[in-house]
Amino acid sequence: MLEPATRIDEQLGSVTRAVLETMFFTEPGGLTTEDSDLALPRLAVMLRFRGSPSGDLSLSVTRAAMAPLAAAFLGEDEVSPTQVDEMACELANMLCGSLVSRLETRMSFDLSSPTLITPEAALAPRAGEVSRQSCELAHGTLTVVLSLDADG
Amino acid sequence: MALNILIVDDSPVMRSFIRRVVGLTGLDIGEICEAGHGREALAVLGVRWMDLVLTDINMPDMNGEELLRHMEQDELLRTVPVIVVSTDASVNRVQKMMALGARGYVTKPFAPDSLAAEMERALEVTHA
């Protein structure tokens, strides 16, 4: 049985904070539903999950914010653009897996491979959208959008 | 004796992270090998002895579940402890992977200490 929308918002915020703190050693700023720096260069990722429920999760983050996250994760001073892209994909993978595990704690699910998409596609309103959360990072904003299939 | 570790994950950055965590465990680590999916892992296991396998589940070509099934069918490989490192924390998945022979299960995100503790636990079980 699906959680109410406000509960999903809380779960998405909680998962985002947990992933950033545990794996990226980064404490995010406040959560908001507004993305404050849309004009800055961004990268975006989407992946689908199949199970109960099914849907997709997309993520959009400023490149300036993703680079230090990748460096912290990898324990390196500098990271390549390829590593930044791979890191965004892995961040989306962890956020999606953690969130779906909380929405449905018993049933297993399958995740697709994360793929890079345009920031516009990641942030566009979608049918089935149930939660959208942004959080402030040291050098920009991270926005995560969760959508559920109509039959999911 | 130094322990050989095989890290199986389709994400290069996640393999690098796990490699770094393995290096911080304080265990006597020998060779650390990497594979991007289950089939690559089996190729490595075919030519090198590994004392522990750390594997993701969702991977292209051959996923972690199939890798475990292949290892369980092999008389020698079934003795190698496997720890699953996955974002899937569902009870069904954990039970299924443990039933297939996994010795431990760590859910992403994980604190480095928790993976280190699971590795030590799995290796103690093996060497007991």
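Residues numbered from 1 in each chain as written. Chains lettered and ligands numbered in written order. Predicted model: local features only at pLDDT ≥ 70, side-chain atom pairs only at ≥ 80, totals over all residues. Heavy atoms only, no water.

Student: Sorry if this is basic, but what is going on with the pairing of strand 2 (residues 42-50) of chain A here?
Tutor: Regular strands place side chains that alternate from one sheet face to the opposite one. Residue and element names in this part refer to chain A. Taken together, the 8 bridges between strand 2 and strand 3 (residues 55-62) define a ladder with antiparallel strand orientation. Counted as the bridge partner of alanine 44 is serine 60 from strand 3. Connecting strand 2 to the next strand, strand 3, in antiparallel fashion are 4 residues. Alignment of strand 2 against strand 5 (residues 115-117), held across 3 bridges, turns out to be antiparallel. (Pairing = 2+ DSSP bridges. Helix = DSSP H or I, 4+ residues; strand = E, 2+ residues; numbered from the N terminus.)

Student: How should the pattern of salt bridges be read in this particular structure?
Tutor: Should their charged atoms come close, side chains of opposite charge can pair. Taken as a whole and assessed by the stated rule, the structure comprises 21 salt bridges over all chains. The salt bridge partner of A:Asp85 is A:Arg63, with a shortest N-O separation of 3.1 Å. Taken together, the residues span a long stretch of sequence, with A:Asp85 in helix 3 (residues 81-103) and A:Arg63 in helix 2 (residues 63-74) at a distance of 22 residues. It is possible to trace a salt-bridge network through shared partners that takes in A:Asp110, B:Glu65, B:Arg69, B:Asp88, B:Arg93 and B:Lys96. (Salt bridge = Lys/Arg side-chain N within 4 Å of Asp/Glu carboxyl O.)

Student: Which parts of the structure should I look at to understand the sheet that holds strand 4 (residues 82-86) of chain B?
Tutor: The strands making up a sheet associate through backbone hydrogen bonding, with each pair oriented either parallel or antiparallel. All names here are of chain B. Across the sheet, which stays open at both edges, the 5 strands sit in the order 2-1-3-4-5 with parallel pairing between neighbours. The open sheet has two free edges, formed respectively by strand 2 (29-35) and strand 5 (104-107), since each of these has just one partner strand. Each strand of the sheet is rotated relative to its neighbour by a mean of 20°, with strand direction disregarded. Lying on the sheet, helix 2 (residues 38-47) is in contact with strand 1 (3-8), strand 2 and strand 3 (52-55); it crosses strand 1 at an angle near 160°. The strands touched by helix 4 (residues 91-99) within the sheet are strand 4 and strand 5, with strand 5 carrying the most contacts at an inclination of about 150°. (Axes fitted to C-alpha atoms, helices over the stretch in contact; angles between N-to-C directions. Contact = heavy atoms within 4.5 Å.)

Student: What's the story with the layout of surface pockets in this structure? I'm lost.
Tutor: To find the voids left in a structure, one rolls a probe of water-molecule size over its atoms. Residues and elements named next belong to chain A. There is about 260 Å³ of room inside the largest pocket. Examining the composition of the lining of the largest pocket, we find that 4 residues originate from one element, helix 3, more than from any other. Within the lining of the largest pocket, the residues separate by chemical class into 6 nonpolar, 7 polar and 4 charged. (1 Å grid on protein atoms, 1.4 Å probe; cavity = no way out; pocket = protein on both sides within 12 Å on 5 of 7 lines; lining within 4 Å. Points joined across faces, edges and corners; volume = space filled by probe spheres on them. Nonpolar A, V, L, I, M, F, W, Y, C, P; charged D, E, K, R; others polar.)

Student: Whenever I open this one, the interface of chain B and chain A confuses me. Can you help?
Tutor: Think of interface size as the accessible area that goes away when the parts come together; that is how it is often given. Taken together, the contact pairs 22 residues of chain B with 27 residues of chain A. Note on chain B versus chain A: buried area summed over both sides is about 2000 Å², and carbon and sulfur give 58% of it. Sorting the residues of chain B by area buried against chain A places B:Val13, B:Thr87 and B:Pro109 first, and these three jointly supply 29% of that buried surface. Inspection of the region where chain B meets chain A yields 2 salt bridges. As a salt-bridge pair, A:Asp110 and B:Arg93 come within 3.2 Å of each other at their nearest N and O atoms. Taken together, the links from chain B to chain A amount to 9 residue pairs in polar contact (both at pLDDT 80 or more). A total of 6 residues in the side of chain B that touches chain A trace back to one element, the largest contributor, which is helix 1 (residues 12-23) of chain B. Here the residues of the side of chain B that touches chain A sort into 10 nonpolar, 7 polar and 5 charged. (Buried area = accessible area lost by both parts, 1.4 Å probe. Polar contact = N/O pair within 3.5 Å; in protein donor to acceptor, adjacent residues only side chain to side chain.)

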